[in-house]
Amino acid sequence: MDWSMKIDSALPRPVRVILRGVGQVFFCCNAVTGFIFLTALYVGGPIAGLAATVGVITSTAAAYVLGFSEDDIDAGLYGFNGTLVGPCLFLFLENTPQLWLYVVLASILSSVVLAALIRILTPYKIPASTSPFVLTCWMFMAAVYSFDAFTRGPVLPAPMIPAAAEAVATMIAPDMWFTALSKGVAEVMFADSVIVGILFLTGIAITSFRGALMATCGTAVGVVVPSYLGANLGLIEMGLYAFNPVLTMMAVGWVFLEPTGKSAALAFLAGILTVVCQAGLGALLTPIGLPVLTFPFVMTMWMFLYAASISKYWSKPD
């Protein structure tokens with residue numbers, strides 16, 4: 001919206017860049033949207049909000065110090081991975097004073113990894129997106145087994161052999177639908193909150209109604225498809241099958257391909273396959289005790305964008 005961009009451009013540059021970095025978690029280069037996202041995180045939990053703030057500031061500052069692209073920094077592209085790193089580590093690891101140092105180091109690494117992946121992936125016209133966040137957090141979560149100062153949190157899954165799902169009822173109760181749909185958006189930033197999900201959707205809509213529509217469709221896919229396939233109802237109701245399709249459908253149906261009916265249809269297919277990808281990656285990662293994070297989204301998006309780049313139907317004009 002024009003009014004939000006006027007506010008964005010009127011903000012002091014450091015504030016604008018930091019808030020854009022938060023907004024870019026949902027592909028929104030808009031400081032107003034970023035402010036809403038960050039406020040939502042603080043509403044969901046002060047520690048998560050503070051961890052995201054430390055992460056986005058650190059990763060952005062690291063990009064400045066290391067001399068990476070000024071245009072990319074100004075667009076917030078070196079901020080969103082750091083935004084995700086902070087709340088992620090505080091969710092999956094034991095909360096200790098040393099963990100703040102861990103967040104700072106991981107946020108710096110996420111900027112370095114992003115710069116490297118931009119160099120590698122640019123010739124293929126594929127964005128790095130949240131892959132630096134995923135790779136960095138996997139590394140830092142695995143490293144806690146070597147350091148006495150850090151321990152696994154109760155949410156981080158213990159290494160085990162994946163077990164077959166038990167046969168259970170797979171219909172979500174009517175009163176749980178709104179909760180599941182809202183939390184599917186909120187869980188992109190690890191927030192288990194209906195209010196946070198609503199605020200996230202509001203922030204996206206300020207930047208783009210199509211983006212908000214794709215996010216809404218993505219969370220619906222992440223509830224309906226795993227329900228039909230017989231996934232764990234508790235995980236579905238918490239939105240844990242929805243946050244990856246949310247990002248996939250936004251990326252394919254709004255951001256990286258020409259926003260048309262055809263790209264929306266492709267995004268819908270990509271969203272469905274993201275659910276299957278998440279289930280498969282979850283089983284593969286269970287023996288080493290690591291969460292899938294947003295890698296199902298990253299993997300599916302990469303494959304679909306690469307395939308679309310050679311298609312006469314979905315290529316986005318240069």
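Above this text you will find the structure in question.
Quick caveat, the model's predicted, so the values are computed rather than measured.

Student: Which residues make up the packing of helix 4 (residues 46-65) against helix 7 (residues 98-121), and what are the values?
Tutor: Interaxial distance between helix 4 and helix 7 falls to 8 Å at its minimum, and their mutual angle equals 45 degrees. In this view, helix 4 runs oblique relative to helix 7, as classed from their interaxial angle. The hand of the helix 4/helix 7 crossing is right-handed. Counting all contacts with helix 4, which are made through Ile 47, Leu 50, Ala 51, Val 54, Gly 55, Thr 58, Ser 59, Ala 62 and Ala 63, the residues of helix 7 involved are Trp 100, Val 103, Val 104, Ser 107, Ile 108, Ser 110 and Ser 111. The class makeup of the residues in the contact of helix 4 with helix 7 is 10 nonpolar, six polar and no charged.

Student: Hey, could you go over the pattern of salt bridges for me, with residue numbers and the actual values?
Tutor: Following the criterion strictly, the structure yields four salt bridges and no others. Taking the shortest distance from any N to any O, the salt bridge between Arg 13 and Asp 74 comes out at 2.7 Å. Of this pair, Arg 13 sits in helix 2 (residues 13-23) while Asp 74 sits in helix 5 (residues 70-74), placing them 61 residues apart in sequence. In this structure, Asp 192 engages Lys 183 in a salt bridge whose closest nitrogen and oxygen atoms are separated by 3.0 Å. Connected through salt bridges with shared partners, the residues Arg 13, Glu 70 and Asp 74 form a single ionic network.

Student: Residues and numbers for unusual backbone geometry, please.
Tutor: Phi is positive for Ser 129, close to 50 degrees, though the residue is something other than glycine. Tracing the backbone shows Ser 129 in the loop between helix 7 and helix 8 (131-143). At Phe 190, a residue that is not glycine, the phi angle is positive and equals roughly 65 degrees. Within the secondary structure, Phe 190 is located in the loop between helix 9 (177-186) and helix 10 (194-207).

Procedures and definitions
- Residues numbered from 1 in each chain as written.
- Predicted model: local features only at pLDDT ≥ 70, side-chain atom pairs only at ≥ 80, totals over all residues.
- Heavy atoms only, no water.
- Axes fitted to C-alpha atoms, helices over the stretch in contact; angles between N-to-C directions.
- Helix = DSSP H or I, 4+ residues; strand = E, 2+ residues; numbered from the N terminus.
- Parallel < 35°, antiparallel > 145°, perpendicular 65-115°, else oblique.
- Left-handed = near helix turned anticlockwise from the far one by under 90°.
- Contact = heavy atoms within 4.5 Å.
- Nonpolar A, V, L, I, M, F, W, Y, C, P; charged D, E, K, R; others polar.
- Salt bridge = Lys/Arg side-chain N within 4 Å of Asp/Glu carboxyl O.

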